[in-house]
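The chain contents come next:
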Amino acid sequence: MKTMVIFGASNKINRYSYKVILFLKRKNNYKIIPVHPDLSYIEGIPVVTTLDDIHESVDILSIYVKPEILEKHLAHIVDLKPRMIILNPGTESSVAEMYFEKHCIIYHKACTLVLLKTGVL
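In this text the structure is predicted, and so the values were computed from the model without any measurement.

Rules and cut-offs
- Numbers given to residues run from 1 along each chain, matching the order in which its sequence is written.
- The predicted nature of this model means local features are confined to residues of pLDDT at least 70 and side-chain atom pairs, given and counted, to a pLDDT of 80 or more, with totals for whole chains, interfaces and linings taken over all residues.
- To obtain the side-chain values, all non-hydrogen atoms of the structure were used and water was disregarded.
- Looking at any residue, its pLDDT shows the predictor's confidence there, from 0 to 100.
- In DSSP terms, a helix is any run of H or I states spanning at least four residues, a strand is any run of E spanning at least two, and both are numbered starting from the N terminus.
- When accessible area is computed with a 1.4 Å probe and restricted to protein chains, residues below 20% of their type maximum are described as buried, those above 50% as exposed, and intermediate ones as partly exposed.
- Strands qualify as paired when DSSP identifies two bridges or more between them.
- For a crossover, the right-handed case is the one in which the path from the first strand over the helix to the second runs clockwise, viewed with the strands pointing away from the viewer.
- Working definition of a nonpolar core: buried Ala, Val, Leu, Ile, Met, Phe, Trp, Tyr and Cys residues. They are joined through side-chain atoms within 4.5 Å.
- The contact criterion used throughout is that any non-hydrogen atoms of two residues lie within 4.5 Å.
- A pair is scored as a salt bridge if a Lys or Arg side-chain nitrogen falls within 4 Å of a carboxyl oxygen belonging to Asp or Glu.

Colleague: Any chance you could break down the confidence of the model for the protein chain for me, citing the residues and the numbers?
Modeller: With 100% of its residues at a pLDDT of 70 or more, the protein chain has an overall mean of 95. Within the protein chain, no element has a lower average pLDDT than helix H5 (residues 112–117), which sits at 93, and none a higher one than strand S5 (residues 60–63), at 98.

Here's what the structure looks like:
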């Protein structure tokens, strides 16, 4: 089973990060690790407060935070060593992209939900 971290997870039903969690939970083919500083659970799934709380192999890091937040966590993201990063719409950052390239981390500017629903992931 692959592991997907949802950085910027939300419990608000209109947010795409929430919709991805619901989709993954129904499919049951990914271990889901939501990250949010103020939530304990989303859809019964335990939430970690920071990327530093993750101590396991990460297949996909799906990002849903604003670029200014993302850029503060670049070193933590590199420490995670995700096999792939997805920069969802609104999260794109040339600073982050250059950082990922420097550290040889594969990233895609795409919508995680679309990739899941079309079978790309």
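From this point, things continue past the structure.
Colleague: Outline the pairing of strand S6 (residues 84–87), listing residues and values.
Modeller: Along S6, one buried face is formed by Met84 and Ile86 and the opposite face, lined by Ile85 and Leu87, is buried too. Two strands pair when backbone bridges link them, and S5 and S6 are joined in this way by 4 bridges, in the parallel orientation. Across the sheet, leucine 61 pairs through a bridge with isoleucine 85, a residue of S6. Pairing analysis gives 3 bridges linking S6 to strand S7 (residues 107–109), with the strands arranged parallel. Across the sheet, residue isoleucine 85 finds its bridge partner in S7, namely tyrosine 107. One crossover worth recording links S6 to the parallel S7 by way of helix H4 (residues 94–102), and it is right-handed.

Colleague: Describe the nonpolar core, listing the residues and the values that go with them.
Modeller: For soluble globular proteins, the rule of thumb is that nonpolar side chains tend to be buried together. Counting 23 residues, the largest nonpolar core has Met4, Ile6, Val20, Ile21, Leu24, Ile42 and Leu116 as the members making the most contacts within it. Those elements that place two or more of their residues in this core are strand S1 (2–7), helix H1 (16–27), strand S2 (30–35), S6 and H5. Here this core takes 6 residues from H1, the largest share from any one element. Filtering out sequence-adjacent residues up to four positions away, isoleucine 42 remains in contact with Ala9, Ser10, Asn11, Tyr18, Ile21, Pro34 and Val47. Val58, Val65, Leu80 and Phe100 belong to the second-largest nonpolar core, a separate cluster that totals 22 residues.

Colleague: Could you give an account of the pattern of salt bridges, with specific residues and numbers?
Modeller: As enumerated under the stated definition, the model contains 4 salt bridges in all. Here lysine 31 ties to glutamate 56 by a salt bridge, and the two come within 2.9 Å at their closest N and O atoms. Here the residue lysine 31 occupies a position in strand S2, and glutamate 56 occupies one in the loop between strand S4 (45–46) and S5, the gap between them amounting to 25 residues. Across the pair arginine 83 and aspartate 59 runs a salt bridge whose closest N-O atoms are separated by 2.7 Å. Of this pair, arginine 83 sits in the loop between helix H3 (74–80) and S6 while aspartate 59 sits in the loop between S4 and S5, and the two are 24 residues apart along the sequence.

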